[in-house]
Structure formats: C-alpha cells, structure tokens
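Overview (structure and organization)
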Amino acid sequence: MANKFVRWLCCNCCSELSLEYCERTRGVARELLKAISESLGLKPFYIEKVMNLDNSYQMFNANFYPPCPQPELAMGLPPHSDHGLLSLVTHNGIGGFQLQHNGMWVNVNAIPNSFLVNIADQLEVLSNGKYKSILHRAVVNKKVTRISLVMTNGPSLDKIVNPAPELVNNGIDQPAYHGITYKEYFQWQQSNSLDGKGILDRIRI
Ligand SMILES: O=C(O)CCC(=O)C(=O)O
Ligand SMILES: [Fe+2]
C-alpha cells in the first residue's frame, strides 16, 4: 500500500512525511489490535495473523471544513461508520467530531496531540459484534476552518472477513454477519453515499 500512497502525493517532502505517518500509525493500530485480540480471549497476534496485517490496506483522508455561514443547515460529513478495523483521527484542535450514543449526538473534543480511535466495521464483523463500529459525523461551525486527518487501517484487501470461528463455535453464539472480502466491502462503501451503518446492515444475518 505504501508505494501506491506515495504516487498520489504532490512532492517528495510530502510523500516522505506521509509515508512515515502511514507507517507509524500502522504500528499504533497493530499494537491496539493486539490488546483488542486479548480482550476477546484470543492470542495477542490473532487479529494480526488472520487479517494479514503485513499487507494491511490503509486509507488516508484529509478533511477540510471551511467556516459555514449557516452551520445548522449543513453537515461536514454525514453519519457513517468507517470501513476498516480501526481509524485514527487527529485534527487542528477545533471541535466538530460527534458520535452517536444512546441515540443522541455527543461532541467529542479530543485531547490535543492525541488520536481519537474509532472502532470500524471489519472489527465489528471479526468480533461478531462484541466490538461495535462507531456511528459518527462531522459538523461545521461559523467561525473557523477545521481540518481532520483520518487514517483507516484495514485488513489486507483480499481477506474474507468473517466472525472469528473461536467466538462463534462455542455452542452459544451464532455468526451474526456474512463473510465478504474487505475489497468488496470497501468498494460498496466508496460507491454509495454515506448512510449510517447501511453497508454493515447488508451483511448482517
Ligand atoms: O472530520 C472528522 O472529525 C471525521 C472524519 C471522518 O469521520 C472520516 O473521514 O471518516
Ligand atoms: Fe469516519
């Protein structure tokens, strides 16, 4: 993925910086996924191995939200969940990220110089719903420009993501999602307008 990434960028200095950002955030995501594996009662490297994270697909979004004269009539980014396993979000210190909790939109004012970590759809599928992908959106404001950088870390594109057999072959839980390749899932999400958790609903059993 790294080589493809470099080609999109405008100059050598940007590409080096972005490549380093891509590699380092990939490392952070892998560490978090080790802890998440353990929290599910699986071996620390379970997710890393079954999702083939050596070939992890990363997508880097830079979002630019200029001031809006009527923010109550506009939406920066509509409600959605992210398609990968984990997304790492950072921004220029201006609030605007909201997540849905108990049916209410809640402002998330991340601590400066920190990452906001979103659970994304592939982790919901793999964990058979034990982790839920987070429904979120971005709102705009009248006064200042907001910028956010979002690195979505996914499995390898050719991986068929299923609920982990260890979590469903226990005589209690049934698989709650159909398996499809991450590539197919990702393409569905990219070719449809953002619509809550509508794409995940398509593979829910
Ligand atoms: O701008 C934000 O804070 C969120 C952006 C986002 O959710 C995304 O790019 O997927
Ligand atoms: Fe998002």
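Let us look at the structure shown here. Since the model is a prediction, treat every value here as computed from it, not as a measurement.

Remarks on the coordination of the iron ion (ligand 2)
Distances from the iron ion (ligand 2) to its protein donors, His80 (NE2), Asp82 (OD) and His136 (NE2), fall within 2.1 to 2.2 Å. Each donor residue of the iron ion (ligand 2) belongs to the same chain, and together they define the spacing H-x1-D-x53-H. One end of the pair, Asp82, is in the loop between strand E2 (77–80) and strand E3 (86–91); the other, His136, is in strand E7 (residues 136–138), with 54 residues separating them in the sequence. A residue is classified by how much of its surface remains accessible, and Asp82, at 8% relative accessible area, is buried.

Comments concerning the pattern of salt bridges
Applying the stated rule across the entire model yields eight salt bridges. Residues Glu124 and Arg204 are paired through a salt bridge, measuring 3.4 Å at the closest nitrogen-oxygen approach. Of this pair, Glu124 sits in helix H4 (residues 121–126) while Arg204 sits in the segment after helix H7 (198–203), placing them 80 residues apart in sequence. Judged by relative accessible area, Glu124 falls into the buried class, the value being 0%. We note a salt bridge from Lys130 to Asp173, for which the minimum N-O separation is 3.6 Å. Within this pair, whereas Lys130 is found in the loop between H4 and E7, its partner Asp173 is found in the loop between helix H5 (165–168) and strand E10 (180–181), the two being separated by 43 residues in sequence. A residue is classified by how much of its surface remains accessible, and Lys130, at 47% relative accessible area, is partly exposed. For Asp173, a relative accessible area of 26% corresponds to the partly exposed category. Residues participating in the shared-partner salt-bridge network are Glu124, Lys197, Asp201 and Arg204.

About the thresholds
Residues numbered from 1 in each chain as written. Chains lettered and ligands numbered in written order. Predicted model: local features only at pLDDT ≥ 70, side-chain atom pairs only at ≥ 80, totals over all residues. Heavy atoms only, no water. Donors = N, O, S within 2.8 Å, 3.2 Å for Na, K, Ca; no water. Helix = DSSP H or I, 4+ residues; strand = E, 2+ residues; numbered from the N terminus. Buried < 20%, exposed > 50% of the residue type's maximum accessible area, 1.4 Å probe, protein only. Salt bridge = Lys/Arg side-chain N within 4 Å of Asp/Glu carboxyl O.

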